[in-house]
Amino acid sequence: MLGANSSVNERENIVVIFHHPYGQLRVGAEGAASSAAVLVPGALRFPAAAAAAMALADLYTQYNRVWIPDAEEVWQSAEITANYRPGDHSLHLQLEDCTEVDYPVEPSALPPLRNPDILVGENDLTALSYLHEPAVLHNLRVRFVESRLIYTYSGIILVAMNPYKELPIYGDAIIHAYSGQNMGDMDPHIFAVAEEAYKQMARNDRNQSIIVSGESGAGKTVSARYAMRYFATVSKSSSNAKVEDKVLACNPITEAIGNAKTTRNDNSSRFGKYMEISFDRKYQIIGANMRTYLLEKSRVVFQSENERNYHIFYQLCASAQSPKFKHLQLASAEEFNYTNMGRNITIEGVNDHADMKETQKTFNLLGLKEDFQMDVFKILSAILHLGNVQISTVGDEKSSVDVDDKHLNIFCELLGVESDKVAQWLCHRKIITTSETVVKPMTKHQAVNARDALAKKIYSHLFDFIVEQINKALQF
Ligand SMILES: Nc1ncnc2c1ncn2[C@@H]1O[C@H](COP(=O)(O)OP(=O)(O)O)[C@@H](O)[C@H]1O
Ligand SMILES: [Mg+2]
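Bear in mind the structure is a predicted one, so any value in this text is a computation, not a measurement.

### Looking at the overall build of the protein chain
Helix and strand content of the protein chain: 13 helices and 16 strands. When each of the 476 residues of the protein chain is scored for burial, the buried share is 47%. Only carbon and sulfur atoms are counted for the fraction: they give 52% of the accessible area of the protein chain, which is about 23300 Å².

### Brief notes about the side chain of Thr254
Tracing the chain through its elements places Thr254 in helix 6 (residues 241-258). With relative accessibility at 0%, the residue Thr254 sits in the buried group. Within polar-contact distance, the side chain of Thr254 engages the backbone oxygen of Asn251 at 3.2 Å. If near-sequence neighbours (up to four positions away) are discounted, Thr254 is found in contact with Asn259, Phe271, Lys273, Met290 and Ile470.

### Examining the packing of aromatic side chains
This model, assessed by the stated rule, comprises 15 aromatic pairs. Plain terms: the ring middles of Tyr170 and Tyr226 are 3.7 Å apart, the flat faces sit at 5 degrees to each other, and that makes the pair stacked. Residue Tyr170 is found in the loop between strand 7 (157-160) and helix 3 (172-178), and its partner Tyr226 is found in helix 5 (residues 220-234); the two are separated by 56 residues along the sequence. Tyr226 matches Tyr170 in its accessibility class, with the two residues each being buried. The interplanar angle of 75 degrees and the centroid separation of 6.3 Å between the aromatic rings of Phe363 and Phe377 together place this pair among those described as edge-to-face. Here Phe363 is found in helix 9 (residues 352-365), whereas its partner Phe377 is found in helix 10 (residues 370-387), with 14 residues between them in sequence. As far as burial versus exposure is concerned, Phe363 and Phe377 are alike and both buried. Among the aromatic side chains, those forming a connected cluster through ring pairs are Tyr170, Tyr178, Phe191, Tyr226, Tyr230 and Phe231. We note Arg148 situated over the ring of Phe144; from NZ or CZ to the ring centre the distance is 5.0 Å.

### Some remarks on the environment of Asn207
You can see Asn207 is positioned in the loop between helix 4 (190-204) and strand 8 (208-210). Sequence-wise, Asn207 and Ser278 are 71 residues apart; in three dimensions their C-alpha atoms are separated by 9.7 Å.

### Examining the UniProt feature "binding site: ATP" (unreviewed entry) in the protein chain
Following the UniProt record, the feature "binding site: ATP" (unreviewed entry) maps to Gly214, Glu215, Ser216, Gly217, Ala218, Gly219, Lys220 and Thr221 here. Looking at the secondary structure, you find Gly217 in the loop between strand 8 and helix 5.

### Brief notes about the pattern of salt bridges
Under the definition given, this model contains 17 salt bridges. Where Lys361 meets Glu358, a salt bridge forms, and the shortest distance between an N and an O atom there is 3.7 Å. Note that Lys361 and Glu358 are positioned in helix 9 at a spacing of three residues, about one turn of the helix. With a relative accessible area of 35%, Glu358 lands in the partly exposed category.

### Brief notes about the side chain of Arg143
Examined against the element boundaries, Arg143 turns out to sit in helix 2 (residues 133-147). Asp187 provides the closest opposite charge to the buried, unpaired Arg143, separated from it by 6.0 Å. Beyond its immediate chain neighbours, meaning those up to four positions away, Arg143 contacts Gly121, Glu122, Asn123, Arg148, Leu149, Tyr151, Thr152 and Pro188.

### Regarding helix 5
Compared with the 21 Å implied by 1.5 Å per residue over 15 residues, the 21 Å span of helix 5 between its first and last C-alpha is a close match. Among the 15 residues of helix 5, twelve are classified as buried, and the element is accordingly described as predominantly covered. For helix 5, every residue scored as buried is listed here: Lys220, Thr221, Ser223, Ala224, Tyr226, Ala227, Met228, Tyr230, Phe231, Ala232, Thr233 and Val234.

### Looking at the packing of helix 10 against helix 11 (residues 406-415)
At a minimum axis distance of 8 Å, the contact between helix 10 and helix 11 shows a crossing angle of 160 degrees. Regarding the angle of helix 10 to helix 11, the classification is roughly antiparallel. For helix 10 against helix 11, the interelement crossing comes out left-handed. For the pair formed by helix 10 and helix 11, the contact residues are Lys378, Ile379, Ser381, Ala382, His385 and Leu386 on the first element and His407, Ile410, Phe411, Leu414 and Leu415 on the second. Across the contact of helix 10 with helix 11, the residue classes break down as seven nonpolar, three polar and one charged.

### Details of the packing of helix 4 against helix 5
Taken N-terminus to C-terminus, the directions of helix 4 and helix 5 make an angle of 50 degrees; their axes are 9 Å apart at the nearest point. Our classification of the angle between helix 4 and helix 5 gives oblique. Note on packing geometry: the crossing formed by helix 4 with helix 5 is right-handed. Mapping the contact onto sequence places Ile190, Phe191, Ala194, Glu195 and Tyr198 in helix 4 and Ser223, Tyr226, Ala227, Tyr230, Phe231 and Val234 in helix 5.

### Notes on the sheet that holds strand 5 (residues 100-104)
Pairing in this open sheet of four strands is antiparallel, and the strands run 2-3-4-5 from one edge to the other. Both outer strands of the open sheet, strand 2 (65-70) and strand 5, are each paired with one neighbouring strand and no more. Strand-to-strand, the axes of this sheet are offset by a mean angle of 50 degrees, without reference to chain direction. In the sheet, strand 2 pairs with strand 3 (residues 74-80) via six bridges, with the strands oriented antiparallel. The partner of Pro69 across the bridge, within strand 3, is Trp75. Packed onto the sheet, helix 2 meets strand 2 and strand 3 and runs at close to 100 degrees relative to strand 3.

Thresholds, definitions, all that
- Residues numbered from 1 in each chain as written.
- Chains lettered and ligands numbered in written order.
- Predicted model: local features only at pLDDT ≥ 70, side-chain atom pairs only at ≥ 80, totals over all residues.
- Heavy atoms only, no water.
- Helix = DSSP H or I, 4+ residues; strand = E, 2+ residues; numbered from the N terminus.
- Buried < 20%, exposed > 50% of the residue type's maximum accessible area, 1.4 Å probe, protein only.
- Areas by Shrake-Rupley, 256 points an atom, 1.4 Å probe, with all protein chains shown as cover.
- Polar contact = N/O pair within 3.5 Å; in protein donor to acceptor, adjacent residues only side chain to side chain.
- Contact = heavy atoms within 4.5 Å.
- Phe/Tyr/Trp six-rings, centres within 6.5 Å; stacked < 30°, edge-to-face > 60°.
- Lys NZ or Arg CZ within 6 Å of the ring centre and 35° of its normal.
- UniProt positions renumbered as here; feature names shortened; annotations may be inferred.
- Salt bridge = Lys/Arg side-chain N within 4 Å of Asp/Glu carboxyl O.
- Lys, Arg positive; Asp, Glu negative; His and termini not counted.
- Expected span 1.5 Å × (residues − 1).
- Axes fitted to C-alpha atoms, helices over the stretch in contact; angles between N-to-C directions.
- Parallel < 35°, antiparallel > 145°, perpendicular 65-115°, else oblique.
- Left-handed = near helix turned anticlockwise from the far one by under 90°.
- Nonpolar A, V, L, I, M, F, W, Y, C, P; charged D, E, K, R; others polar.
- Pairing = 2+ DSSP bridges.

Right, here's the structure in full:
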């Protein structure tokens, strides 16, 4: 997948499909389709390199076009104005703005040749005569800019551009149009890849996987969701429709607790996900199982400028005034250290209050009861209050927490623990040796770290526990 921005720390996203005793599709995170590999344009090598270089030199003749690197545009097109002779150290070119240049070249590294226009805009990159980075980028750009087409094949790999805009290409009618069709007969689409996996599972009776790979913000999570929607829609049986809805319902919940706003993506998954979807002999969904990894725990206690903590915290704070949540004693997310570090608690176009309703709705759909939900919300609120507990310096080596600290008391009340003990153990540690047990005070810095470590631990346990409960709800 290609995105407008580049990745630093993206951990999410594959769509993987698989089958089990019955037949199973996996939809998960991180990588490229079973039927896929990663395209490495710069890595094309000819077997007889020297001979090929000679033959290649013959192509650098007048009126042919090449791509040369450009600081702004990445690649710019240029036309050859004089035939290149092997051994020449420059290539005579005319740029698109009509300037003439003597472009220095190494005989072993001539600039990539540009494809004839007639080939450009093809729906499969393998149809191009020259397949290298500028050819790939140009072809994708022509398709996107001229025809608003975001999908292109490269053989069996689907390349997707992120349009950053809702396109009317994902409705049920489109799903049904792709259902039962061959990949080659239809326009490139995520549904075609999903259909191919579904069909191969049925035809060959074998597990299938789809892997979605790309930089942060490229559209992996969205694609994985569409692939799951495809399976849920095509395998719908009238008798057992609830299962498909449940499989889809795990997305809003895992996104609420595992996604956050980053500078690259307003809904960045901060964990790896691997989803298995199981089918019966009639190829209808009978259950699912999700595996998660590498949740970014540091985000619970720290966010960079303009980033947010996990969505669920803001959803809760936005619902603080609802009678049902009064006892959590929450306030605006601006009031809590753990939610206000990025100094911007809102996301454009997102209504955290409405999303809270959605989260609750999906919990209900999965059959996770109100009591369970309230326990989850209590723990999450306790984490926010813990982050506001004041730790003060006492002398050089010690620190303390006031047993009357408001947030300490709410934290203890929500979790049913004793506040004097929590106050004590936030600022002290117990060292047990073979001969004795020593209680050592901690400095404020150490105590703050210990408090944050506790918050991260509680959150990651809660995350795992919720995933476990979702998996139970998705069992067949
Ligand atoms: N196919 C698509 N159509 C419309 N918008 C998309 C599409 N794919 C991605 N987006 C937009 O880009 C944002 C980032 O995509 P996402 O799938 O979360 O990226 P990733 O998981 O690769 O980091 C989404 O929130 C959505 O707004
Ligand atoms: Mg993602």
